[in-house]
Amino acid sequence: MPSRRAFLAAASALPTLRVDAIRRALSLGAPVPASGAFARGTDSTAGGPDDEDYWGEIQRAFDCDRTMVNLNNGGVSPSPSHVLEQMIRDLRFCNEIPVIHMWQTLEPRIESVRRDLARSFGCDPEEMAITRNASEANETMIFGLDLQRGDEVVVSNQNYGRMITAWDQRVRRDGIVLKQISIKLPPPSPEYVVEQFKAAVTPRTRVIEITHITNLSGQILPVRELVRWARPRGIEVFVDGAHAYAHFPFTRDDLDCDYYGTSLHKWLLAPIGTGFLYVRKNRQKKLWPLMAAPAAMDENIRKYEEIGTHPAANHNAISVALAFHQAIGAERKVARLRYLRDRWAKRLLRESDRVRLLTPLDSQWSAGMGLLHVDGLGPEKLGPWLFDRYRIVVTPITHPEFDGLRVTPNVYTSVQEVDLFAEKVLEAVTRGLS
Ligand SMILES: Cc1ncc(COP(=O)(O)O)c(C=O)c1O
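Everything quoted here is computed from the prediction, not taken from an experiment. (Residues numbered from 1 in each chain as written. Predicted model: local features only at pLDDT ≥ 70, side-chain atom pairs only at ≥ 80, totals over all residues. Heavy atoms only, no water.)

## As for the overall build of the protein chain
For clarity, the threshold we go by: Numbering of helices and strands runs from the N terminus, with a helix taken as a DSSP run of H or I at least four residues long and a strand as a DSSP run of E at least two residues long. Only protein chains enter the accessibility calculation, which uses a 1.4 Å probe. A residue is then buried if its area is under 20% of the maximum for its type, exposed if over 50%, and partly exposed in between. Contacts are assigned to residue pairs that have any heavy atoms within 4.5 Å of one another. Each accessible area is a Shrake-Rupley result for a 1.4 Å probe, and residues are judged covered by the shown protein chains and nothing else.
When helices and strands are counted, the protein chain shows 16 helices and 13 strands. Among the 434 residues that make up the protein chain, the fraction classed as buried is 56%. Within the protein chain, counting contacts between residues at least 6 apart in sequence, those at least 24 apart form 71% of the total. Carbon and sulfur atoms form 53% of the exposed surface of the protein chain, whose accessible area is close to 18200 Å².

Here is the structure:
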């Protein structure tokens with residue numbers, strides 16, 4: 001029998017067999033171990049975080065432009081090519097006669113997507129709505145609850161800008177009060193984060209909105225601890241999980257939350273324009289949909305999908321992306337993402353004393369994202385320099401309390417790409433941005 005390495009090398013030399021090669025790579029990896037079983041960066045078992053044969057096959061599932069190094073997958077990610085092809089196939093089929101093919105054949109398949117996502121998230125399908133992105137899911141929560149003038153909402157000043165804008169519109173329109181807390185980076189402990197929220201709560205507080213993992217630094221926040229403190233006090237906790245779902249493993253019961261919104265075009269690698277909204281069954285009646293639905297649907301999760309005519313192809317391809325994600329395995333995926341993050345971050349920390357990571361390393365409170373601060377080199381200069389000179393795409397972050405470059409590789413990112421990034425940052429640190 002040929003060795004596995006030789007077998008994979010031969011398969012990858014034949015582009016026309018790519019899809020089959022992907023299937024083989026996915027099945028050749030070791031079974032997904034229990035949480036934490038892949039030691040970060042040291043495991044060389046099949047399918048481990050540093051098994052480049054395995055991850056090379058995953059890379060070939062994408063038709064990426066490799067003349068650029070895309071380290072902004074936090075914004076939006078490309079889908080694997082077979083996921084995109086499924087969507088395009090459905091779009092063509094739909095376009096033959098939309099009123100029949102889209103409404104009668106393709107749209108009802110949203111129920112399979114609901115079932116698949118619910119099983120993965122760990123909720124009942126009757127608690128899972130398919131949306132077009134996290135903004136739609138989160139704004140359904142933000143605008144969905146009846147609040148009185150003077151009612152208070154607590155968020156952090158690291159919540160996503162659009163969500164703060166949505167709350168601010170309620171401030172202007174409904175006279176509610178919005179309080180924004182500050183969180184040190186990295187936070188000294190999960191208890192500290194919960195304490196910051198608690199300190200802003202008063203008898204008028206009705207809602208807390210927390211990001212599961214912040215888009216700014218990749219800090220994972222203690223959702224369950226906050227929910228368990230707030231629920232007995234009658235405070236609703238909305239969770240913005242735009243960057244969390246399919247980035248690192250968890251289920252609804254790990255968080256014990258009643259509301260959760262996410263995008264699926266970031267870490268699940270589903271087509272652009274996909275997300276979900278989870279609302280616990282007993283909360284659905286009092287949470288209005290963004291677009292009107294009949295009273296008969298008051299306790300039907302589908303009321304959040306009453307958005308008028310829309311393509312069925314996009315949301316149906318979610319199930320293909322989910323199958324790809326599950327074939328890799330959530331534990332294997334996050335182990336690889338942490339491995340890539342550590343590879344650039346630890347090298348920079350070793351080789352320069354001007355570098356700081358505002359994301360905790362070797363911690364359960366972070367995963368594949370990292371926020372890099374370089375003393376004396378502002379992100380608004382370093383980011384464009386990396387792009388203009390080397391076609392490396394990162395996200396400059398400037399917040400009133402901190403700044404840095406946000407770096408978000410994904411499963412198709414190669415070690416050569418993260419190494420190039422580290423090398424060029426070191427060049428900027430030692431020689432300046434000439
Ligand atoms: C924390 C957070 N919430 C919400 C969103 C909105 O996501 P989308 O643009 O997919 O609706 C983002 C997007 O980056 C985000 O980072």
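Now that the structure has been shown, we can carry on.
## Describing the packing of aromatic side chains
Basically, it comes down to this: A pair of aromatic rings is counted whenever rings of Phe, Tyr or Trp (Trp by its six-membered ring) have centres within 6.5 Å, and the orientation is called stacked for planes under 30 degrees apart, edge-to-face for over 60 and tilted otherwise.
Considering all chains together, one arrives at 15 aromatic pairs under this definition. An angle of 70° between the planes, with centres 4.8 Å apart, marks the rings of Phe238 and Tyr259 as edge-to-face. Of this pair, Phe238 sits in strand S6 (residues 236-240) while Tyr259 sits in strand S7 (residues 259-263); the two residues are 21 residues apart in sequence, bridging distant segments of the chain. Residue classification places Phe238 among the buried residues on the basis of a relative accessible area of 1%. Overall, the relative accessible area of 0% leaves Tyr259 in the buried class. Both rings, one in Tyr245 and one in Phe276, keep their centres 5.1 Å apart while their planes meet at 75°; by these two values the pair is edge-to-face.

## As for helix H8 (residues 161-174)
Each turn of an α-helix holds 3.6 residues, which means side chains three or four residues apart point in the same direction. To keep things clear, this is the line we draw: Any helix carries an expected span of 1.5 Å times its number of residues minus one. Taking the helix axis as origin, the arc is that swept by the directions to the C-beta atoms.
In this model H8 runs 20 Å from its N-terminal to its C-terminal C-alpha over 14 residues, within 8% of the 20 Å that 1.5 Å per residue would give. Every buried residue belonging to H8 is among Met163, Ile164, Ala166, Trp167 and Arg170, and all of these are buried. Relative to the axis of H8, the buried residues are bounded by an arc of 155° and lie together on one face. Residues of H8 that are exposed and angled more than 90 degrees away from the buried face: Arg172 and Arg173.

## What about empty space enclosed by the protein?
Going by this rule: Definitions used throughout: a 1 Å grid over protein atoms alone; a cavity as a set of points that fits a 1.4 Å probe which cannot get out; a pocket as an open set with protein on both sides within 12 Å along at least five of seven lines; a lining residue as one with an atom within 4 Å of a point. Grid points are joined across faces, edges and corners, and a volume is the space filled by probe spheres set on the points. Gly falls in the polar group here, along with every residue not listed as nonpolar (Ala, Val, Leu, Ile, Met, Phe, Trp, Tyr, Cys, Pro) or charged (Asp, Glu, Lys, Arg).
Throughout the structure, instances matching the rule amount to one cavity of 30 Å³ or more. There is about 40 Å³ of room inside the largest cavity. For the largest cavity, the full set of lining residues is Val227, Arg231, Ile235, Glu236, Val237, Asp258 and Arg283. A per-class count over the lining of the largest cavity returns three nonpolar, no polar and four charged.

## A few points about the pairing of strand S8 (residues 275-279)
Rule in force here: At least two DSSP bridges between two strands are needed for those strands to be called paired.
For S8, the buried fraction is high: five of the five residues fall into the buried class. Along S8, one buried face is formed by Gly275, Leu277 and Val279 and the opposite face, lined by Phe276 and Tyr278, is buried too. Relative to S8, strand S2 (residues 128-131) runs antiparallel, the two sharing four bridges. Directly across from Thr131, in S8, lies its bridge partner Gly275. As judged from the five bridges shared by S7 and S8, these two strands associate in the antiparallel manner. By the bridge assignment for S8, Gly261 is matched with Leu277.

## Things to note about the site of the ligand
For clarity, the threshold we go by: Nearness here has a simple test: a residue counts as near a molecule or strand if at least one of its heavy atoms is within 4 Å of that partner. For the purposes of these results, a polar contact is taken to be a pair of N or O atoms within 3.5 Å, where, inside protein, one atom must be able to donate a hydrogen and its partner to accept one; residues adjacent in sequence count only when each atom of the pair is a side-chain atom.
Residues in contact with the ligand amount to 15 residues; listed here are only the nearest, Ser135, Asp240, Ser263, His265 and Lys266. Asp240 places a polar side-chain atom, nitrogen or oxygen, 2.6 Å from a nitrogen atom of the ligand. In the complex, 90% of the free accessible area of the ligand, which totals 390 Å², lies under the protein chains. For the shell around the ligand, the element with the highest residue contribution is helix H7 (residues 134-144), accounting for three residues. Classifying every residue of the shell around the ligand gives four nonpolar, eight polar and three charged.

## Thoughts on the environment of Leu322
Turning to its location among the elements, Leu322 is positioned in helix H13 (residues 318-328). A residue is classified by how much of its surface remains accessible, and Leu322, at 2% relative accessible area, is buried. In sequence terms Leu322 and Leu117 are 205 residues apart; their C-alpha atoms lie 7.8 Å from each other. Not counting residues within four places of it along the chain, the set of residues in contact with Leu322 comprises Asp116, Leu117, Ser120, Tyr245 and Leu268.

## Things to note about the side chain of Ser319
Structurally, Ser319 is set in helix H13. Residue Ser319 is classed as buried on the basis of its relative accessible area, which comes to 18%. Within the structure, Ser319 has its side chain in polar contact with the side chain of Asp116 (distance 2.9 Å). Apart from the residues lying within four places of it in its own chain, the contact partners of Ser319 are Ser112, Val113 and Asp116.

## A short note on a nonpolar patch on the surface
Threshold: Residues enter patches when they are more than 30% accessible in relative terms and free of salt bridges; like-charged ones are connected within 9 Å and nonpolar ones (Val, Leu, Ile, Met, Phe, Trp, Tyr) within 5 Å. Salt bridges, as used here, are contacts in which a Lys or Arg side-chain nitrogen is within 4 Å of a carboxyl oxygen on Asp or Glu.
Taken together, the side chains of Ile97, Val99, Ile100 and Trp103 present a nonpolar region at the surface, about 350 Å² in accessible area. Looking at where Trp103 falls in the secondary structure, it is placed in helix H5 (residues 98-106). Exposure remark for Trp103: the relative accessible area of 47% places this residue in the partly exposed category.

## Digging into the pattern of salt bridges
Across all of its chains, the model carries 33 salt bridges by this definition. In this structure, Glu417 and Arg66 form a salt bridge, with 3.0 Å as the shortest nitrogen-oxygen distance. Taken together, the residues span a long stretch of sequence, with Glu417 in helix H16 (residues 415-431) and Arg66 in the loop between helix H3 (52-59) and strand S1 (69-70) at a distance of 351 residues. With a shortest N-O distance of 3.7 Å, Arg224 and Glu225 are connected by a salt bridge.

## So, the sheet that holds S6
What counts is decided by this rule: Between the N-to-C directions of two axes lies an angle of 0 to 180 degrees, each axis being a line fitted to C-alpha atoms and, for a helix, fitted only over the stretch in contact.
Read across the sheet, seven strands follow the order S2-S8-S7-S6-S5-S3-S4 without closing on themselves; strand pairing throughout is mixed. The open sheet has two edge strands, S2 and strand S4 (177-181), and neither has a second partner. Neighbour to neighbour, the strand axes of the sheet diverge by 20° on average, direction disregarded. Here strand S5 (residues 205-211) runs beside S6; their pairing, made up of five bridges, is parallel. When the sheet's bridge partners are listed, Glu209 is paired in S6 with Phe238. Taken strand by strand, H8 contacts strand S3 (152-156), S4, S5 and S6, and its axis lies near 150° from that of S4.

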